[in-house]
Amino acid sequence: MRPAPALAEGFPDLSGMRIAREPHWFRWISAALIVVVLAAIVRAFANGQIEWSYVSRFLTVKVILEGIVNTMVMAVLAMMLGIVLGIVVAIMRLSPNPVLKTVAAGYTWLFRGTPLILQLLLWFNLALVFPTIGIPGLWSARAVDVMTPFLAALLGLGINQGAYTSEVMRAGMLSVDIGQYEAAQAIGMGRLRALRRIVLPQAMRVVIPPLGNEFIGMVKATSLASVIQYPELLHNAENIYYANSRVIELLIVAGLWYLLVVSILTPLQMLLERRFARGTLRLAR
Amino acid sequence: MTKPLVAIRSVSKSFGEFQALKAVSLDVWPGEVMCLIGASGSGKTTLLRCINQLAMIDSGGIWLDGELLGVREQGGKLHRLSEREIGRQRLKTGMVFQRFNLFPHKTALENITEGPTQVQGRKLDEVRSEALELLRRVGLAAKADSYPAQLSGGQQQRVAIARALAMKPMLMLFDEPTSALDPELVGEVLAVMKELAKSGMTMMVVTHELGFAREVADRVVYMDQGAIVEQGRASDVLGTPREERTKAFLSAVI
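Caption draft 1: View of the nonpolar core. Ile64, Leu157 and Met173 of chain A are the most contacted members of the largest nonpolar core, which totals 59 residues. For this core, the elements supplying multiple residues, two or more each, are α2 (52-59), α3 (62-93), α4 (98-113), α5 (116-124), α7 (149-174), α9 (191-221), α10 (233-244) and α11 (247-276) of chain A. For this core, the leading source of residues is α9 of chain A, giving 12 residues. When near neighbours in sequence (up to four residues on either side) are disregarded, leucine 157 of chain A contacts Met74, Ala78, Leu116, Leu120, Met218, Ala221 and Thr222 of chain A. Listed in part, the 50 residues of the second largest apolar core include Ala162, Met203, Leu238 and Phe249 of chain B.

This is the structure:
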């Protein structure tokens, strides 16, 4: 073996010495301050004019439970409509066809450019514009019968969501390396098949965090459908306090339910993220 | 008389102001191994990409196996083929990319079976055994269920070669297949390519590996500024180049 040259003097051996723990005084003080402030807020609410017994009594009353079910049904269906529209519009947006591109851009412009509550009111009041709707010669019906609060809320929320989701999807597809399109083309795939088999599965990994965000937004946005009489959580809570005047108590009930649902959704999102992270993590060999 | 597998006639291609190919003509014969060398920007990669239609030529024509690529002649005019027809023509060529471009969400085996099952509509069972055989051929039988991120660059490129071979192409195109590899991994990829050359596959290889060209290529083509400057047997072009530009390039590389 070739001998290594002698090492220089004056550099002590540090092996075996540990890094000391810092006391972090500032963290302890700030945490204590926050606890004090929170306690004061809780105390204020406990002593304020809130009948907490009403909160616990109405928390699980049938109308509220029906409200939360309707909220979730609407949120899931509208989100599904939004994702389907979003994918289609994003593909149109990235297509070489100028007609498809313009239609997609116009859709996004229109539905992102107007308030959601206005769109809900427009769908609900469609009968004022078209008293009867249908396919000429095949089928027709009175718009008031067709455009129920459920359908108006679904179309309003879903189509609006599609405009936002399309941008999320477009960003996801653009995040996939161009070499992936080329490799797919090189094995004879057409544009749509390459998108479906190769690009979209990889884009999903990128779009799930923002889509989770959008879905949480959707759960709460369903409360806007209360203005068109859709019997979701907030609408039902309002109906109760119109009768018993316990406004704050019932708003707290609704708020607790929204918080609970959102708290459950967060770990679900992490499960989905793990599912689509396949192949991107360096798994144990 | 045998016909060339690829006939390239007066092909030009520009990217905006930049003229990547200037009226290039070339024949590639069945079973021939051709190495394309030259500085970056000389048009050799563009030429490969035009043959499998990842780039569309501006003028001229390329015939593969006697069939005009990308366009149809009708009534004295050329009409672009549909995406479906171009996809069918692409099946005759296999492409290996500099950056591998394996599908990261699919295992090595799934990368190979994707084309035959999805594009050619073949049954997964029979494709699977072929794919395993291809993996064995590139020396990666044990890595069938690994994801690309779990493989080294050299292993990924060998899977990419197997993926291209799974479509049973008549012509294999290699676009700088070893340029993105660490030096110690280059050999394993070149070994697979040598074996492929020996098996009689027609190959066009854009490469900076002059040792590989000298050993394996039937013909070396030197390109510069979008045109073919010099071509011939590897020993002639690399050993006793006649053109000044070829000499300058070779002395700069070695």
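Further notes follow.
Caption draft 2: Highlighting the packing of helix α8 (residues 178-186) of chain A against α9 of chain A. Residue and element names in this part refer to chain A. Between α8 and α9, the shortest axis-to-axis distance is 10 Å and the interhelical angle comes to 155 degrees. Overall, the two elements α8 and α9 adopt an arrangement that is roughly antiparallel. Two packed elements cross with a definite hand, and for α8 against α9 that hand is right-handed. In this structure, α8 contributes Gln180, Tyr181 and Ala184 to the contact, and α9 contributes Ala194, Leu195, Ile198, Val199 and Gln202. The residue makeup of the contact of α8 with α9, split by class, is six nonpolar, two polar and no charged.

Caption draft 3: Highlighting a nonpolar patch on the surface. All names here are of chain A. Taken together, the side chains of Ile34, Val37, Leu38, Ile41, Phe45 and Trp52 present a nonpolar region at the surface, about 580 Å² in accessible area. Of note, isoleucine 34 is situated in helix α1 (residues 25-47). Overall, the relative accessible area of 51% leaves isoleucine 34 in the exposed class.

Caption draft 4: Summary view of empty space enclosed by the protein. By the definition in use, this model includes one cavity of 30 Å³ or more. Within this model, the largest cavity holds a volume of roughly 30 Å³. Contributing to the lining of the largest cavity are Ile187 of chain A together with Met95, Val96, Phe97, Phe100, Ala160, Arg163 and Ala164 of chain B. Among the elements of the structure, β8 (93-96) and α5 (153-165) of chain B are those that each provide at least two residues to the lining of the largest cavity. Looking at the lining of the largest cavity element by element, the count peaks at three residues for α5 of chain B.

Basis of the calculations
- Residues numbered from 1 in each chain as written.
- Chains lettered and ligands numbered in written order.
- Predicted model: local features only at pLDDT ≥ 70, side-chain atom pairs only at ≥ 80, totals over all residues.
- Heavy atoms only, no water.
- Core = buried A, V, L, I, M, F, W, Y, C linked by side-chain atoms within 4.5 Å.
- Buried < 20%, exposed > 50% of the residue type's maximum accessible area, 1.4 Å probe, protein only.
- Helix = DSSP H or I, 4+ residues; strand = E, 2+ residues; numbered from the N terminus.
- Contact = heavy atoms within 4.5 Å.
- Axes fitted to C-alpha atoms, helices over the stretch in contact; angles between N-to-C directions.
- Parallel < 35°, antiparallel > 145°, perpendicular 65-115°, else oblique.
- Left-handed = near helix turned anticlockwise from the far one by under 90°.
- Nonpolar A, V, L, I, M, F, W, Y, C, P; charged D, E, K, R; others polar.
- Patch = residues over 30% accessible without salt bridge, like charges linked within 9 Å, V, L, I, M, F, W, Y side chains within 5 Å.
- Areas by Shrake-Rupley, 256 points an atom, 1.4 Å probe, with all protein chains shown as cover.
- Salt bridge = Lys/Arg side-chain N within 4 Å of Asp/Glu carboxyl O.
- 1 Å grid on protein atoms, 1.4 Å probe; cavity = no way out; pocket = protein on both sides within 12 Å on 5 of 7 lines; lining within 4 Å.
- Points joined across faces, edges and corners; volume = space filled by probe spheres on them.

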